[in-house]
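Structural description and commentary
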Amino acid sequence: MALANVGLRRLLVDTGEPRDWVRPRTDLVTALLGVWFGIGLMIDAWAHTNLDGELETFFTPWHAVFYSGFAAVSGWMVWQAWRNVRAGRQGLAAVPRGYLAGLVAIPAFAAFGFADMMWHTLLGIETTVDILFSPSHLGLITTMLLIITTPLRSAWNAPDVGPRPSLGRLLPALVGLAFATTLVSLFLSYGDAMQWRPARIVEAFSIMDDGGAERLATAMVISNVILLAPVLLLLRRWELPFGAMTLMYAVGVLMSGAQTEFGNLPVLLAVVGGGLVGDLLIRWLRPSAARRRAYWAFAGLSGLATWSLYIGAASAAGGGLPAVPELWTGAPIVAGLIGLVLGVLFLPNATAPASAGAVVSTEGGAEKA
């Protein structure tokens, strides 16, 4: 035991070498294994939503997909650090840049997974909105977010990622952040406008005395923030390539589609169309951290466009325009105004882009890029 403790201390002592970035291909594998992890959660969400009363045990096929995805991405990330240990690095020097938070989250996720198993064994399986407030589930989702966004942190200050990266180079970061968006939408699914079916959207904005209009309007606000905020974060850092926002929105609707068994496909496709319009706006306005007014304009116009398409698709598939014109005309405008507010909050002051030799912030402190 004493020898093991000495070996562990030696392993954890930092040898002082500058931490390095992994290759883009490594980040891509991390992102793809994160997709396995994320799809496992979507299957589990589908089961909890659509198999009400049939879940009696923690040990289910969908949990098998979910936790095997965790094992795969975790094993891959640990291997990246272990390769550096084998090369003679120790402590933080062995951890690739961007991977530290994800590696710390791995044992925490495993602990929350064990807690979740005990919770279900002792207290039963949640089948309604209480599933979104379970402490073990909240711990799982928090640590999962840290794990699957590892490619984003890795790319954030990587020396080969300039201010105008290609779609291929940015793909791992986009996939990781997009799947993180689906996790947020899952745990706010009681306010998810993308789960509403077209006919119900038309009905909600046609009848004023059943509370449906208030619930739908609130859900549109919440979903607008969930979808748009990650894009605004990326635009502060990079000039996004064409297709990036469409990809983000296409992944972003998957959790809602899984929970509704894609029974509201026109609504989901309308949201993806909003991502495409956003890409066109990015190409036209060129929003960036250095172009504050263009950034604000993009934030407002993309919110307006996405939710105008949402109302339009619901009306086309749900039997016509809603009966209350103030609601179906005003709701997209509210989305646009909220987008504008988000833009102002994300970028209150324009910032000059960093030059090639500028000092940038990293996990290990400030150093030259």
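These lines cover the structure that appears in this document, whether it is placed above or below. Sequence order as written defines the numbering, with residues in each chain counted from 1. Given that this is a predicted model, residues contribute local features only at a pLDDT of at least 70 and side-chain atom pairs are listed and counted only at 80 or more, while totals for whole chains, interfaces and linings are drawn from all residues. In computing side-chain properties, one takes all heavy atoms of the structure into account and sets aside hydrogens as well as water.

Quick word on helix α13 (residues 292–318)
For helices the rule is a DSSP run of H or I covering at least 4 residues; for strands it is a run of E covering at least 2, with both sets numbered from the N terminus onward. Given a helix with a known number of residues, its expected span is that number minus one, times 1.5 Å. Taking 1.5 Å per residue as the helical rise, α13 with its 27 residues ought to reach 39 Å, and the 39 Å between its terminal C-alpha atoms agrees with that figure. Two residues or fewer past α13, G319 is found with a positive phi of approximately 105°.

What to know about the packing of helix α5 (residues 135–148) against helix α7 (residues 167–187)
Only the stretch in contact is used when a helix axis is fitted, and all axes are lines through C-alpha atoms; the angle between N-to-C directions ranges over 0 to 180 degrees. Closest axis-to-axis distance for the α5/α7 pair is 9 Å, and the angle between their directions is 165°. As judged from the angle between their axes, α5 and α7 are roughly antiparallel. Here the hand of the crossing between α5 and α7 comes out left-handed. The residues of α7 that touch α5, namely those facing H137, L138, I141, M144, L145 and I148, are G176, F179, A180, L183 and F187. Each residue is assigned to one of three groups, with Ala, Val, Leu, Ile, Met, Phe, Trp, Tyr, Cys and Pro labelled nonpolar, Asp, Glu, Lys and Arg labelled charged, and all others, Gly among them, labelled polar. In the contact of α5 with α7, the residues fall into nine nonpolar, two polar and no charged. The labels follow the angle: roughly parallel below 35 degrees, roughly antiparallel above 145, roughly perpendicular from 65 to 115, and oblique for the rest. For any pair of crossing helices, the crossing counts as left-handed if the nearer helix is rotated counterclockwise from the farther one by less than a right angle, and right-handed if it is rotated clockwise. We call two residues in contact whenever any of their non-hydrogen atoms come within 4.5 Å of each other.

Section: the pattern of salt bridges
Oppositely charged side chains may form a pair once their charged atoms are brought near each other. Any Lys or Arg side-chain nitrogen found within 4 Å of a carboxyl oxygen on Asp or Glu counts as a salt bridge. Applying the stated criterion across every chain yields a total of four salt bridges. Measuring nitrogen to oxygen at the nearest pair gives 3.4 Å for the salt bridge that ties R200 to E203. Of this pair, R200 and E203 are both found in helix α8 (residues 198–204), three residues apart, which corresponds to roughly one turn of the helix. Three labels apply to residues, based on accessible area from a 1.4 Å probe with only protein chains included: buried if under 20% of the type maximum, exposed if over 50%, partly exposed otherwise in between. Taking relative accessible area as the criterion, R200 reaches 26% and is therefore assigned partly exposed. Linking D210 and R200 is a salt bridge whose minimum nitrogen-to-oxygen distance equals 3.9 Å. Of this pair, D210 sits in the loop between α8 and α9 (212–237) while R200 sits in helix α8, and the two are 10 residues apart along the sequence.

Focus: a nonpolar patch on the surface
Only residues whose relative accessible area exceeds 30% and that form no salt bridge enter a patch; like-charged residues are grouped when within 9 Å of one another, and nonpolar side chains (Val, Leu, Ile, Met, Phe, Trp, Tyr) when within 5 Å. To be clear on the numbers: accessible area is Shrake-Rupley with a 1.4 Å probe, and residue cover counts the displayed protein chains and nothing else. A cluster of nonpolar side chains, namely W284, L301, L304, I333, L337, L340 and V344, defines an oily patch on the protein surface of about 630 Å² accessible area. Elements supplying a minimum of two residues to the nonpolar patch: α13 and α14 (325–346). Considering the arrangement of structural elements, one finds L340 in helix α14.

Looking at the packing of aromatic side chains
Working definition: rings of Phe, Tyr and Trp (its six-membered ring) pair if their centres are within 6.5 Å, and the pair is stacked with planes under 30 degrees apart, edge-to-face with planes over 60 apart, and tilted otherwise. In total, this model carries six aromatic pairs according to the counting rule given. Ring geometry for F37 versus F70: centroids 5.9 Å apart, planes at 45°, classification tilted. In this pair, F37 is assigned in helix α2 (residues 24–50) and F70 in helix α3 (residues 61–86), connecting sequence segments 33 residues apart. Each member of the pair F37 and F70 is classed as buried.

Structural notes on the nonpolar core
Judged by nonpolar contacts, the single largest core of 91 residues is most densely connected at F37, F109, I147, M220, L240, F298 and Y310. The biggest single contributor to this core is α7, with 11 residues. The two domains that each donate at least three residues to this core are domain 1 (19–156) and domain 2 (192–348). Buried Ala, Val, Leu, Ile, Met, Phe, Trp, Tyr and Cys residues that are joined via side-chain atoms within 4.5 Å together make up what is termed a nonpolar core. Domain borders in the structure are assigned automatically or taken from a domain database.

Some remarks on the packing of α9 against α14
Across the interface, α9 lies against α14 with an axial gap of 9 Å and an inter-helix angle of 35°. For α9 against α14, the interelement crossing comes out right-handed. Mapping the contact onto sequence places A213, M220, V221, N224, V225, L228, A229, L232, L233 and R236 in α9 and L327, A331, V334, A335, I338, G339, L342, G343 and F346 in α14. Partitioning the contact of α9 with α14 into residue classes produces 15 nonpolar, three polar and one charged.

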